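# Summary of structural features
Given next are the chains, with one letter for each unit.
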Amino acid sequence: MTKILSVNAGSSSLKFQLLEMPAQTVITKGLVERIGFEDGVFNIKFEDQKIEKVLPIKDHSVAVQLLVEALLDLKIVSSYDEISGVGHRVVHGGEKFDRSVVVTPEVLAEIEALSELAPLHNPANALGIKAFMKELPHAVSVAVFDTAFHQTMEKDAYLYPVKYDWYTKYGVRKYGFHGTSHQYVAERCAELLEKPLADTKIITIHIGNGGSLSAVKGGHSVDTTMGFTPLAGIMMGTRSGDIDPAVLPFVMEKENLTIDQAVNALNKESGLYGVSGASSDMRDILKLVAEGDERGTIAFNLYIKRICDYIGSYFLYLDGVDAIVFTAGIGENSIPVRKAVVQRLGALGIQLDEQANNVMGEEALISTADSKIKVFAIPTNEELMIAKDTYAFVK
Ligand SMILES: Nc1ncnc2c1ncn2[C@@H]1O[C@H](COP(=O)(O)OP(=O)(O)O)[C@@H](O)[C@H]1O
Ligand SMILES: CC(=O)OP(=O)(O)O
Ligand SMILES: [Mg+2]
């Protein structure tokens, strides 16, 4: 048996699992949340212990340190030498990486260079890789890219209708993200459909803090909603998703903003947060809706509409689908969000089973028996995908 550590660093969080491979047994798992805050949260589950600490977590290096120390302090491992491989989620892999790779100095340099295109994510990913290489120098480091799964898109899906040399000179195109998650739930969905993956057409809806949809045909991504960066597509917690690009220079002039300030407003002050004026967290938005708050309700309705717009578009692009899957923080846990989306899909012959939809964090078929298209909630497992890819290099 081989121990593999999976590290999934997001913009403000770090999820991790230590797995025994190839058995896929989870030895420990946990989460560092609210990185950058005075009241950061570190929690870890090991055997029957569940430890939670609230403490300042200045940046991702503090998060990494907490994890590394806990592994020895809690006697999860008796020495770091027991860990043979560390797999890291890397958000942007550009056109260079269509699969996972062992991290070399060249790969690391490439990941750092791509920070320009994923400023909320790649710097944290690179930092995590370096920190673990320092603490666990003997372990194989593997980078698993969010963009890799979407490298199967055709030009009609990934090119933008702009000057062609922006693509050839600078790589301006759609890359797509959350690929590991879209792939995981599409594969799991095929199993639930009891159909060979190669014969399936599935729309996957990954809605967490960031969010994206993917049109998956025969197990391959043929389109997705995020773009050149994770700012595009559907509305998100703090990100706008698609807007008319002419809004940017217009507002920059009105409010005397620099490019950085304007892009920052789209990344961090828009989405559910920007429209509601209250919160980026769907749980808070749902409370506002229940209270009849106007801005909260607009934010919710806008969020739902933008998801449905893409479902309609992908239904046509795929020429019909077998199933629609909800996943990630909101998709797995929010009964009202799934209900609001599915209720708008009547024109596709889709019927929600309200009783079956009453689940949180569990796998479930949530459409009725006579629904023309099956709808599932499937918990994602990016950490397992990362561990599998890492194990492939270690063994
Ligand atoms: N019970 C719930 N109801 C609605 N939304 C939820 C619930 N639980 C979690 N969420 C949402 O899930 C989001 C986090 O999802 P997650 O997939 O962990 O995001 P990320 O990986 O992008 O940080 C939170 O922002 C929150 O809005
Ligand atoms: C790519 C991306 O947006 O990731 P997350 O949802 O973790 O922020
Ligand atoms: Mg995530």
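Report on the accompanying structure. For clarity, every value in this text was computed on a predicted model and none was experimentally measured.

### Structural notes on the sheet that holds strand β7 (residues 101-102)
Ordered by their spatial adjacency, 8 strands build an open sheet running β5-β4-β3-β2-β1-β6-β8-β7, and the pairing between neighbours is mixed. In this open sheet, the two edge strands, each paired with only one partner strand, are β5 (49-55) and β7. Relative to strand β8 (residues 140-145), β7 runs antiparallel, the two sharing 2 bridges. Its bridge partner lying in β8, V101 is registered against A143.

### Details of the pairing of strand β3 (residues 25-33)
Note: strand β2 (residues 14-21) against β3, 7 bridges, orientation antiparallel. Across the sheet, the residue bridging to K15 is L31, located in β3. The antiparallel pairing of β2 with β3 creates a hairpin that spans 3 residues between the two strands, and Q24 there sits at a positive phi of about 65 degrees. In this structure, β3 lies alongside strand β4 (residues 40-46), joined through 6 bridges in antiparallel fashion. Looking at β4, one finds that V32 is bridged to F42.

### Considerations on the site of ligand 1
Close to ligand 1 lie 13 residues; K15, N209, D281, M282 and G329 are nearest. Contact distances for ligand 1 include 3.1 Å between an oxygen atom and a backbone N or O atom of N209. Here ligand 1 has 580 Å² of accessible area as a free molecule, and 76% of this is covered by the chains. Within the residue set of the shell around ligand 1, elements represented by two or more residues are α10 (282-290) and α12 (328-333).

Parameters and conventions
- Residues numbered from 1 in each chain as written.
- Chains lettered and ligands numbered in written order.
- Predicted model: local features only at pLDDT ≥ 70, side-chain atom pairs only at ≥ 80, totals over all residues.
- Heavy atoms only, no water.
- Pairing = 2+ DSSP bridges.
- Helix = DSSP H or I, 4+ residues; strand = E, 2+ residues; numbered from the N terminus.
- Near = heavy atom within 4 Å.
- Polar contact = N/O pair within 3.5 Å; in protein donor to acceptor, adjacent residues only side chain to side chain.
- Areas by Shrake-Rupley, 256 points an atom, 1.4 Å probe, with all protein chains shown as cover.

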